[in-house]
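# Structural description and commentary
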Amino acid sequence: MIVNNALCDSARQGTTNMNEMCPQYEDTATRDKSHQVLEPVTTRQYRGVHSEIESKKAICCVKMFGTLAASLLTPEGVLLVALVGLLYYYVVIRSTRYFADRGVAFVPPVPLLGNGADFITRKRHITDILSEMYNRFTKHRFFGYFDFLSPIYVVRDLELVKQICIKDFDHFVNHRIQLDENHDPLFGRALFAMRDTRWRNMRTVLSPAFTGSKMRLMFGLITSYCDGAVRTIRSEMASNGRAELEMKELFRRFGNDIVATCAFGIEINSFRDRTNAFYTLGKELTNLEGVQGIKFLAFSSFPRVMRALRLRLFSAKMTSFFRHVVMDTIAQREQRGIVRHDMINLLMEARKQELKFDENDNLDTSNGGTGQQKKLMDWTDDDLTAQCTVFFFGGYDTVSTLSAFMAHELAVNPDAQERLRDEIDSVRTSIGGADKLTYETLQSMRYMEMVANETMRKWTPAPFLDRTCTKPYVLEDYNGHKVHLKKGDGLWVPAAAIMRDPEIFPEPDRFWPERFGEDGQGPVDSAAMLTFGIGPRNCIGSRFALMEVKAVFFFLLTHFVLEQGPRTQHPLKLKKASLGPSAEKGFWIQFRLRDQGGHQS
Ligand code: HEM
């Protein structure tokens, strides 16, 4: 793996050159090529050998089957079959009676695979499965879902969602996922996976790093990066000023470089250096497609089994890569007394108990922020690396997904795009150029906010939220039927289904940013906007995410018009094999340069 062109000027800027730091990541593949020379084999020779092998295999199978049948006909064999049958009955068949025994509405699951069987076998996206159940059980505040064999209470009533996630949060502090901190140090120690007091302490310590004032400090890093990236795209366009680009890939590159600079203090240009380690490992780290998506679900459903099998969510190679990057950057900064306004700097302050809320920050105590500084925890190197890497887990795929859907909606809704461009042009003119854009100006852009909100509603990157019951609790249905939850019971909030509920958002399949404007109806309840979750366990990085998405679109629409191209899939269909929503055929959009004259900064 080569980390080419890690554009660095570490002494001056506090950024880090990854080749210098991690020489072990140089590509060894080319050196390892085998020099063995093989004799060529003709097709006929191959077929002959192949059919001989096949017939030997068949004979072998018949023999094995015979031996097995003979051994099962012994008294021990019969006992074994009975035991397996009983185990199957108790573990698989009986478990499917869980909700029936408690009087909770549910759809009979597929044995072993549960209600997500169609997702596991790639027939339907998990969002579609949950939405169908959500729309079916309108007479209930909650219904049952089997995640493999694990029963989950899916809470569909908004008042109950608020009760669980805000008012009675003490009963539902944790997410379901459980990882061994030592075995899976990156994700196991990240805020998302932390539990109970450790989570509370870390959230309190980290909260000041995500306030408006800290975002303002990082804003310059983002805009200078956006400007450079847009210039690279412009320079690569065909002579007719057009290019058809795949948006997920484009925004992954944007997101990668922004996370690298803001979180890790490393400057990379993934548009030029297309296979840099940050990009390839980050993509691997956040991949929730296919087996990795199922593995993620399995760590929530059978944490003990996964731990007993010593399975890791992320490879040791990845852990070691990010650990080196963070530790070497910190060492360089400490040696040279460098201060750079990025997340590593904030975490270094947090480790020294020097990270504080600023006077102008709105203290949001629901997020764990108290503004007081006392020693809540001792930081290990892995704790620090994990909180940096959270930008990848939490922010990389989600932000690129949201941006890709936003580009798609703007391309297929030219009126909305035109209105957004008008707002961008008028702001740019009033401030005297895109290079003068500030965090406050971006925040004040009304239509930009409406477009982002509507995209987040229609295409939320996290289709459901999850919680575990930490203290006994009683759920009550509309008809007064009570269900007693015990410690360890799992709950989901079907965020995507709620945000497409026509009772809450009329005409839910329509992209209509105006619904969030003065004339629009907005949601009947603001708690229905669940893209960033709800309550004290909500997304700590939401400000950062929105700042990034809005800044990127400010620069993109300054330079380009987004249009449907020959490969644009409209209406979009979701890719069935991915846990996070993604487009079945990719997000292909045609970029057209705006008139070459005075639209750029
Ligand atoms: C569009 C982008 C994003 C979306 C849609 C998103 C969504 C979410 C959601 C749904 C949750 C769970 C909330 C809950 O259970 O109530 C969450 C948690 C979290 N997110 Fe984000 N996120 C985004 C960007 C980011 C970014 C940029 C970061 C960067 C640091 C981040 C870091 C986190 C962390 C650390 C948590 C766990 C918080 C905790 O457990 O206390 N997210 N996010």
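Reading the values: rules and limits
- Residue positions are counted from 1 within each chain, in the order its sequence is given.
- It should be noted that, the model being predicted, local features are given only for residues of pLDDT at least 70 and side-chain atom pairs only at 80 or more, the latter also being counted only at that level, while totals for whole chains, interfaces and linings use all residues.
- Excluded from the side-chain calculation are hydrogens and water; included are all heavy atoms of the structure.
- Counting from the N terminus, the helices are DSSP H or I runs at least four residues long and the strands are E runs at least two residues long.
- Partly exposed residues are those whose accessible area sits between 20% and 50% of the maximum for their type, while under 20% is buried and over 50% is exposed, using a 1.4 Å probe and protein chains only.
- Note on contacts: a residue pair qualifies if any of its non-hydrogen atoms lie within 4.5 Å across the two residues.
- Every accessible area reported is derived by Shrake-Rupley at a probe size of 1.4 Å, with residue values counting cover from the shown protein chains alone.
- A donor here means an N, O or S atom no more than 2.8 Å from the metal, or no more than 3.2 Å when the metal is Na, K or Ca. Since water is not included, a site may seem to lack partners.
- The salt bridge criterion pairs a side-chain nitrogen of Lys or Arg with a carboxyl oxygen of Asp or Glu, the two atoms within 4 Å.
- Put simply, two rings from Phe, Tyr or Trp (the six-membered ring, in Trp's case) pair if the centres are within 6.5 Å, and we call them stacked under 30 degrees between planes, edge-to-face over 60, tilted for the rest.
- In this scheme, strands are said to pair when DSSP sees at least two bridges between them.
- Structural elements are reduced to axes, namely lines fitted to C-alpha atoms, with helices fitted over the stretch in contact, and the angle between N-to-C directions of any two is expressed from 0 to 180 degrees.
- Working definition: roughly parallel below 35 degrees, roughly antiparallel above 145 degrees, roughly perpendicular at 65 to 115 degrees, and oblique for all remaining angles.
- Three classes are used: nonpolar for Ala, Val, Leu, Ile, Met, Phe, Trp, Tyr, Cys and Pro, charged for Asp, Glu, Lys and Arg, and polar for all others, with Gly counted as polar.
- Here the nonpolar core consists of buried residues drawn from Ala, Val, Leu, Ile, Met, Phe, Trp, Tyr and Cys, with membership extended through side-chain atoms lying within 4.5 Å.
- Whether a residue is near a molecule or strand depends on its heavy atoms: it is near if one of them lies within 4 Å of it.
- Whenever two N or O atoms come within 3.5 Å, that pair is a polar contact, provided that in protein one can donate a hydrogen and the other can accept it, and provided that, for residues adjacent in sequence, both atoms are side-chain atoms.
- Crossings are assigned a handedness: left-handed for a near helix turned anticlockwise from the far helix by less than a right angle, right-handed for a clockwise turn.
- Expected span, for any helix, means 1.5 Å times one less than how many residues it has.
- Each residue gets a pLDDT score, which is the predictor's confidence in that residue and runs from 0 to 100.

### Brief notes about the overall build of the protein
A tally of regular secondary structure across the protein gives 23 helices and 9 strands. Scored against the burial criterion, the 601 residues of the protein give a buried share of 54%. Long-range pairs, those at least 24 residues apart, make up 76% of the contacts in the protein between residues at least 6 apart in sequence. Approximately 27,600 Å² of the protein is accessible, and the part contributed by carbon and sulfur atoms is 54%.

### Examining the coordination of the iron atom of the ligand
Counting protein donors around the iron atom of the ligand gives one, Cys539 (SG), at 2.3 Å. By the secondary structure assignment, Cys539 is in the loop between α22 (495-498) and α23 (542-559).

### Looking at the pattern of salt bridges
Following the criterion strictly, the structure yields 35 salt bridges and no others. Of the charged contacts in the structure, one is a salt bridge between Arg198 and Asp383, with a shortest N-O distance of 3.4 Å. Here the residue Arg198 occupies a position in helix α10 (residues 196-206), and Asp383 occupies one in helix α18 (residues 381-412), the gap between them amounting to 185 residues. Glu409 is the partner of Lys458 in a salt bridge, and the nearest nitrogen-oxygen pair spans 2.9 Å. With Lys458 in helix α21 (residues 446-458) and Glu409 in helix α18, this pair connects stretches of sequence that are 49 residues apart. In this pair, the class of Lys458 matches that of Glu409, namely buried.

### Considerations on the packing of aromatic side chains
Here the distance between the centres and the angle between the planes together describe a pair of aromatic rings. On inspection of all chains with the given rule, the structure shows 27 aromatic pairs. Counting every residue linked through ring pairs, the aromatic cluster contains Tyr98, Phe99, Phe106, Phe142, Phe146 and Tyr153.

### Thoughts on the sheet that holds strand β1 (residues 142-147)
Strands sit in the order β1-β2-β7-β4 across an open sheet of 4 strands; the sheet is mixed. This sheet does not close on itself; its edge strands, each paired only once, are β1 and β4 (465-468). Recorded for the sheet is a direction-independent mean angle of 30° between the axes of neighbouring strands. Taken together, the 6 bridges between β1 and strand β2 (residues 150-155) define a ladder with antiparallel strand orientation. The residue bridging Asp147 from the neighbouring strand is Ser150, located in β2.

### Comments concerning the packing of helix α12 (residues 247-263) against helix α13 (residues 277-285)
At their nearest, the axes of α12 and α13 sit 10 Å apart, and the two run at 110° to each other. When the axes of α12 and α13 are compared, the pair comes out roughly perpendicular. Contacts between α12 and α13 involve Glu249, Arg252, Arg253, Asn256 and Ala260 on the former and, on the latter, Phe278, Tyr279 and Lys283. Among the residues making up the contact of α12 with α13, the classes are represented as 3 nonpolar, 1 polar and 4 charged.

### Section: the sheet that holds strand β3 (residues 242-246)
Strands sit in the order β3-β9-β8 across an open sheet of 3 strands; the sheet is antiparallel. Two strands close off the open sheet at either side, each with one partner strand: β3 and β8 (560-563). Averaged over all adjacent pairs, the angle separating strand axes in this sheet is 30°, with direction ignored. Examined bridge by bridge, β3 and strand β9 (residues 588-593) share 5 bridges and lie antiparallel to one another. Residue Glu244 lies in a different strand from β9, and its bridge partner there is Gln590.

### Some words on the side chain of Asp383
Among the residues examined, Asp383 registers a relative accessible area of 2% and is labelled buried. What Asp383 contacts, discounting residues up to four positions off in sequence, is Arg189, Arg198, Met202, Met377 and Asp378.

### Focus: the nonpolar core
Grouped together as the largest cluster of nonpolar side chains are 173 residues, with contacts concentrated most on Tyr153, Phe251, Phe254, Phe264, Phe278, Phe322 and Phe554. Looking at this core element by element, the count peaks at 15 residues for α18.

### Here's the deal with the site of the ligand
Lining the immediate environment of the ligand, one finds 28 residues, of which Trp199, Arg203, Arg467, Arg537 and Cys539 sit closest. Here an oxygen atom of the ligand and a side-chain polar atom of Trp199 are 2.7 Å apart. Here Ile534 contributes a backbone N or O atom positioned 3.2 Å from an oxygen atom of the ligand. Where the shell around the ligand is concerned, the elements lending two or more residues are α10, α18, β4 and α23. For the shell around the ligand, the element with the highest residue contribution is α18, accounting for 7 residues.

### Focus on the packing of α18 against α23
Where α18 contacts α23, the axes come no closer than 10 Å and their chain directions differ by 40°. Judged by the inter-axis angle, α18 sits oblique to α23. Of the two possible hands of crossing, α18 and α23 adopt the one that is right-handed. Of α23, the residues touching α18 (which contributes Phe391, Val399, Leu402, Ser403, Met406, Ala407 and Leu410) are Phe544, Ala545, Glu548, Val549, Phe553 and Leu557. Residues that form the contact of α18 with α23 fall into these classes: 11 nonpolar, 1 polar and 1 charged.

### Re helix α16 (residues 316-336)
The terminal C-alpha atoms of α16, which comprises 21 residues, lie 30 Å apart, in line with the 30 Å expected from a rise of 1.5 Å per residue. Taken residue by residue, α16 has Met318, Thr319, Phe321, Phe322, Val325, Val326, Met327, Thr329, Ile330, Gln332 and Arg333 as its buried positions. The positive-phi residue at the C-terminal boundary of α16 is Gly337, with phi of around 60°.

### Here's the deal with the confidence of the model for the protein
Across the protein, the average pLDDT comes to 82, with 81% of residues at or above 70. The low-confidence segment residues 1-47 (pLDDT under 50) makes 74 contacts with residues lying over four places distant or belonging to another chain. Here the complex is predicted with pTM 0.82, and the ipTM for its interfaces comes to 0.99.

### Quick look at the pairing of β4
Side chains Leu465 and Arg467 project from β4 onto one buried face, and the interleaved Asp466 and Thr468 project onto a second face that is buried too. Pairing geometry for β4 and strand β7 (residues 490-493), over 4 bridges, is antiparallel. Residue pairing across strands places Arg467 opposite Leu491, the latter belonging to β7.

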